[in-house]
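Per-entry structural report
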Amino acid sequence: MARQARQWRVGAAGIAVLGLTLTACGGAKVGDSSSDAGGSGSSGKCGTFNLAVNPWVGYEANAAVIAYVAEKDLGCKVTKKDLKEEIAWQGFGTGEVDAVVENWGHDDLKKKYITDQKTALDAGPTGNEGLIGWYVPPWLAKEHPDILDWNNLNKYAAEFKTSESGGKGQLLDGDPSFVTNDEALVKNLKLDYKVVYAGSETALIQAFRKAEKNKEWVIGYFYEPQWFMSEVPLEKVKLPEYKAGCDADAEKVDCDYPVYKLDKIVSKKFSESGSPAYDLVKNFSWTNDDQNVVAKYIAVDKMTPEAAAEKWVEANRDKVEAWIK
Amino acid sequence: MTVAVEKPEKTKPVEPPAPVEEARKVSRSMMVGAILVVWLVLFLVLRGKQTLALAAADLTDLHRWFNDVNDSIGANRNSNPLFLYFFNEIRLVIDTLVTFVQELISQPSADRPVPQIGWLGVVGIAGYVSWAVGNWRVALLAVAGFTFLGLQGLWQESMDTLALTVSAVFVALLFAIPLGVWAGLSDRFNRVITPFLDFMQTMPTFVYLAPLTLFFLIGPASATIATVIYAAPPAIRITAHAIRSVPATTVEAADSLGATRRQALLKVLLPMSKRTVVMGVNQTIMAALAMVTIAALIDAPGLGKTVVQALQTLDVGTAFNAGLAIVVMAIVLDRVTTAASAREEAARRSKNRFLAWRRPLLAAGAAVTAVLAYLSHTYLWAAEFPGEGGTGSTIRSTADSVTTWVQDNLSGLTNAFRDVLTNSLLNPFQALLTDSPWWLVGGALIALGVVLGGRRAGVTTAVCVGLLVGTGVWSDGMTTLASTLVATVLVMLLGVVFGVWMGRSALVDRLIRPTLDAAQVMPPFVYLVPFLALFGATRFTAIVAAVVYAAPVAMKIIADGVRNVPATTVEAATSAGCNTWQIITKVQLPMARGALTLATNQGLIYVLSMVVVGGLVGAGALGYDVVAGFSQGQLFGKGLAAGLAIVLLGVMFDRITQAAARRTSA
């Protein structure tokens, strides 16, 4: 018993000494420097702005710039939410998402949330034009320029054979987020190809990157604006021209994809809130080149989205002023 | 990490087979052969007929109906009382819990720019708790591991992940332990709950991620619930198993002493099964960590987000760094819980004088920890992890250069290997499954089920085949099945080679095990990017991914089985003049037959849980259907059907292999 008491005393003394030493060497206390951490939310009547961030770099660029301007110029508290498109749209209805700032078509979602449920509104184009189509690596386009016309694709079908394509040429499809007509196209254009689903953007990019490096034959579904184009400038294959309505029946599509005017979608609630962030989203518009610059900062130069946005905004003050005037 | 349940029949030492049994086994394998021959002949005749193929964009009525249900839930969620008074309440409670833990360790709270407890406090608490529940060795590991997270430059992300994991595990255990006890006490409840558990573990998360956000909104609640669904089953199963394996004599003794049911439960059953229950907690933690990247897709904060964002730009280095942090956290938590489950036994055995010191030391430790926590609450240097994460950037650049080297130097070799395997094994096998009429494949599967697993397994197979046809994705299901079986064969090959090696040498086991742990919790996409460069977007890449994930489980189970072969038997064989090869093939492997079947069972289930990941790298079929259903509204129903098909395949093979295991070890 006595021994135990002695241990207790020793222990307590030890702790006291340890505690004192540590406290004595001290340092800055939490809450001492309240300069910038607490100050940003002070100005403006903006409040919280819930911005969905869909998982691709071009979108990230739009979101980064909008968030930067909303925070620095309008004094909003921006909450970025990393979400897939479908879930982001769902968020309009549940009130958890205010804006989606790069939307590719998605007529089904527009019908569901804008027309039927009336929880979302179209907030105009972003100024970016989205292209979808079939692309080949640059070396291939250079060595066989005629491959860029779909009429010649059958001539080269044998070169595109892989272990997956069952004796035909392989048409690599596949970010599952995008609508594709490729199976119908292959059938209706009587191409000797088989659609193989790569399954993710990562897989597509890796395939093209490797193809360019090792001079391999790859043809696949891709889209721009896309940061990868600044690393490997893929060439688009010409398909029969798009005419309004030629893709009306999914089974009978025999034409190229339309040019998508990318647009912004906001929740109804947000549009009626009077928040300056809504006006910013509505007025936001820039070119494909603008987006490519910011996307390159993020993807190739590995800057954080915030730093990339800051760099672009400081260099393009005039454009920004037009959005927030 | 999915099922890893220790099945009771695991490694019973098996008597050398009697001659009679030998004869029966021969006839069984002859029957299997006969079924396959009949199948092949009919396949050649009927090739390409009634294959139930469905194009990627086509839907069936069932799929459209799923879509409609989903839409109507979305449209009515604001007026439905079920939402107003049930789901919303659950969401509020869980949101509050998660936010509380986050403000404690990861996120700035109320008026503070930093969380309540900074890095020093968290490291101190981690070390202290590990020491208190485990031993000083795991305490050192915990301190080193958590400090490493900070050095990687990922402190806050790691704490977000930890906060979410802790909350999810807490909620999971709140339900899992009572349910597990119930399932352990009542056979009937056990039978009722087992299919639900199978469902929760094999249904791909992608399928219910989007609907979950409809029920519980975007935020911590949805992420936690998604994790709970996946992580709770192991704890339920293992708790039930623990209660069941308390020796009947002990329970009888308690009964005869006049203990009530309640007393028997609280004083006998629970204390005696504590050790195994802690293993269940361990499995739940591992499963929760395996969900980190998937939960990031619905805005769960933490390391998962870092991985997902890095992969948008194919930044393998950054993704690997974050993946490594998940691995480190998993290894720390795994070793600590394992030590906790072993501690009491160890303490009982070593009645040394250290024990008398334990209580004062614990108190002293608590005081030191409190001081550390206070410091980290008060001072900036102890609150925010110092430094820029230099170790992180070294790891990033090393991972990048290793990846580049591998891609540049190995791709010729790997392509040849892929083509040989695809053309000689995968393609013919897939043709057999997908080009045969559906009733022929179904009939063959049922016949195999009866021969290998008995009549009950046959009935289950028949039901599963019927439902599979009903899902409308039969053909995709067969494509996936072909890849799955090829992957399982590879898993078993690797499992036997490494399992035997590990089982025979403790040193090898100790060296290999951390790698196996890493392979199980490293988010698959981190290593899939280099694999994509090596093998392209092909079914083969998907198979490799599944093998990386599933082989460790098989290896561990087989190593365990080999180690449990009685040493006397091996000695007897050695003295009889057997060489090493003979000992392995004639003694150790046959005697570990139970472990081999269990390894096949678990290997298959683990491979199936990678089907969706496979869909992301070129496997197509069910995996792609699930992913596309998650991404495109009009394919939701098809994705759900594909998810159901995966569950059905899993249940079918689980029942067949388990029944087969019971037969071989009986």
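Since we're looking at a predicted model, the values are computed, not measured.

1. Thoughts on the overall build of chain A
Across its full length, chain A carries 12 helices and 9 strands. Classification of the 325 residues of chain A by burial places 44% in the buried group. A separation of at least 24 residues holds for 74% of the contacts in chain A among residues at least 6 apart in sequence.

2. Considerations on the overall build of chain B
Check the secondary structure of chain B and you find 29 helices and 0 strands. For a compact globule of 666 residues, the expected C-alpha radius of gyration is about 26 Å, and chain B comes in at 26 Å, within 12% of that figure. Principal axes of the C-alpha set define a box for chain B whose edges measure 80 × 65 × 60 Å. For chain B, buried positions account for 54% of its 666 residues.

3. So, the domain arrangement of chain A
Residue and element names in this part refer to chain A. Domain boundaries in chain A define domain 1 (48-129 + 262-324) and domain 2 (131-252). Put simply, the middle of domain 1 and the middle of domain 2, counted by C-alpha atoms, are 29 Å apart. If you look at the interface, domain 1 gives 13 residues, while domain 2 gives 8 residues. For the side of domain 1 that touches domain 2, the secondary-structure elements that each account for two or more residues are helix H2 (57-72), strand S4 (120-136) and helix H10 (288-299). The greatest single-element share of the side of domain 1 that touches domain 2, amounting to 6 residues, is contributed by H10. Residues that form the side of domain 1 that touches domain 2 fall into these classes: 5 nonpolar, 5 polar and 3 charged.

4. Some remarks on the environment of Phe531(B)
Residue and element names in this part refer to chain B. Along the chain, the position of Phe 531 falls in helix H22 (residues 524-535). Look at Phe 531 and you get buried, because 23 C-beta atoms sit within 10 Å. Expressed as a C-alpha distance, the spacing of Phe 531 and Val 607, which sit 76 residues apart in the sequence, is 17 Å. Aside from chain neighbours lying at most four places away, what touches Phe 531 is Thr 541, Val 544 and Ala 545.

5. Considerations on the packing of helix H7 (residues 187-202) of chain B against helix H9 (residues 220-244) of chain B
All names here are of chain B. Between H7 and H9, whose axes approach to 9 Å, the crossing angle comes to 145°. For the pair H7 and H9, the sense of crossing is left-handed. Only Ile 229, Tyr 230, Pro 233, Ile 236, Arg 237 and Ala 240 of H9 make contact with H7, whose side of the interface consists of Asn 190, Leu 197, Met 200 and Gln 201. Looking at the contact of H7 with H9 residue by residue, the class counts come to 7 nonpolar, 2 polar and 1 charged.

6. Here's the deal with the interface of chain B and chain A
Of the residues lining the interface, 60 residues belong to chain B; the matching set on chain A comes to 55 residues. At 7 residues, the largest contribution of residues to the side of chain B that touches chain A is made by helix H15 (residues 354-378) of chain B.

7. So, the packing of H2(A) against helix H11 (residues 305-315) of chain A
Residue and element names in this part refer to chain A. Contact geometry of H2 with H11 gives a least axis separation of 8 Å together with a crossing angle of 70°. Comparing their axes, H11 and H2 come out roughly perpendicular. The residues of H11 that touch H2, namely those facing Glu 60, Ala 64, Val 65, Ala 67, Tyr 68 and Val 69, are Pro 305, Glu 306, Ala 308, Ala 309, Glu 310, Trp 312 and Val 313. For the contact of H2 with H11, the per-class residue count stands at 10 nonpolar, no polar and 3 charged.

8. Re the confidence of the model for chain B
Confidence in the prediction for chain B averages 83 pLDDT; 93% of positions are at 70 or higher. Here residues 1-21 of chain B is modelled with pLDDT under 50, and outside its nearest four sequence neighbours on either side it reaches 49 contacts, counting other chains as well.

9. Quick word on unusual backbone geometry
Phi is mostly negative for residues that are not glycine, and the peptide bonds are mostly trans. Residues and elements named next belong to chain A. For the bond from Glu 224 to Pro 225, the omega torsion is 5°, close enough to zero to count as cis. Backbone geometry places Lys 118, a non-glycine residue, at a positive phi of 55°. Along the chain, Lys 118 falls in the loop between helix H4 (107-116) and S4. In the Ramachandran plot, Lys 215 falls in the positive-phi region, its phi being about 50° despite a non-glycine side chain.

10. A short note on the nonpolar core
Counting residues in hydrophobic clusters, the biggest one holds 300 residues, and the most contacted among them are Ile66(A) and Ile558(B). Split by domain, the residues of this core number at least three in each of domain 1 (48-129 + 262-324) and domain 2 (131-252) of chain A. Residues contacting Ile558(B), with those up to four places away along its chain left out, are Gly495(B), Val496(B), Gly499(B), Val500(B), Gly503(B), Ala592(B), Ala595(B), Leu596(B) and Ala599(B).

11. Describing helix H23 (residues 539-563) of chain B
Spanning 25 residues, H23(B) covers 35 Å between terminal C-alpha atoms, matching the ideal 36 Å at 1.5 Å per step. A maximum bend of about 35° is found in H23(B) at Ala550(B), where proline Pro552(B) lies one to four positions downstream.

12. As for the confidence of the model for chain A
Per-residue pLDDT for chain A averages 83, and the proportion of residues at 70 or more is 86%. Segment residues 33-43 of chain A: pLDDT under 50, and 7 contacts once partners within four positions in sequence are set aside and those in other chains are kept.

13. Side note on helix H3 (residues 85-94) of chain A
All names here are of chain A. The buried fraction of H3 is high, at 9 of 10 residues. Inspection of H3 places Glu 85, Glu 86, Ile 87, Ala 88, Trp 89, Gln 90, Gly 91, Phe 92 and Gly 93 among the buried residues, and these make up the whole buried set. A positive backbone phi angle near 80° is found at Gly 95, which sits one or two residues after H3.

14. Regarding the pairing of strand S7 (residues 219-224) of chain A
All names here are of chain A. For S7, the buried fraction is high: 6 of the 6 residues fall into the buried class. As defined by bridge partners, strand S5 (residues 169-173) adjoins S7 across 2 bridges and the pair is classed as parallel. Note on S7: the bridge partner recorded for Leu 172 is Gly 220.

15. Examining the environment of Ala67(A)
All names here are of chain A. Structurally, Ala 67 can be placed in helix H2. Distance from Ala 67 to Ser 267, taken between C-alpha atoms, is 17 Å for residues 200 residues apart in sequence. Excluding residues within four positions of it along the chain, Ala 67 makes contact with Leu 51, Val 78, Lys 80 and Ala 309.

16. A short note on the pairing of S4(A)
All names here are of chain A. With 6 bridges joining them, S4 and strand S9 (residues 260-267) adopt antiparallel strand pairing. Looking across to S9, one finds that Pro 125 is bridged to Asp 263. As paired strands, S4 and S7 are joined by 5 bridges and run antiparallel to one another. Looking at S7, one finds that Trp 134 is bridged to Tyr 221. As judged from the 2 bridges shared by S4 and strand S8 (residues 235-236), these two strands associate in the antiparallel manner.

17. A short note on the environment of Thr249(B)
Inspection of the secondary structure puts Thr249(B) in helix H10 (residues 248-256). When the C-alpha positions of Thr249(B) and Leu62(B) are compared, they lie 52 Å apart, and in sequence the two are 187 residues distant.

Criteria and cut-off values
- Residues numbered from 1 in each chain as written.
- Chains lettered and ligands numbered in written order.
- Predicted model: local features only at pLDDT ≥ 70, side-chain atom pairs only at ≥ 80, totals over all residues.
- Helix = DSSP H or I, 4+ residues; strand = E, 2+ residues; numbered from the N terminus.
- Buried ≥ 20, exposed ≤ 12 C-beta atoms within 10 Å, placed from the backbone.
- Contact = placed C-beta atoms within 7 Å.
- Rg over C-alpha atoms; globule rule 2.2 N^0.38 Å.
- Domains from an automatic or database assignment.
- Nonpolar A, V, L, I, M, F, W, Y, C, P; charged D, E, K, R; others polar.
- Axes fitted to C-alpha atoms, helices over the stretch in contact; angles between N-to-C directions.
- Left-handed = near helix turned anticlockwise from the far one by under 90°.
- Parallel < 35°, antiparallel > 145°, perpendicular 65-115°, else oblique.
- pLDDT = per-residue confidence, 0-100.
- Core = buried A, V, L, I, M, F, W, Y, C linked by C-beta atoms within 7 Å.
- Expected span 1.5 Å × (residues − 1).
- Bend = angle between axes of the 7 residues up to and from the residue.
- Pairing = 2+ DSSP bridges.

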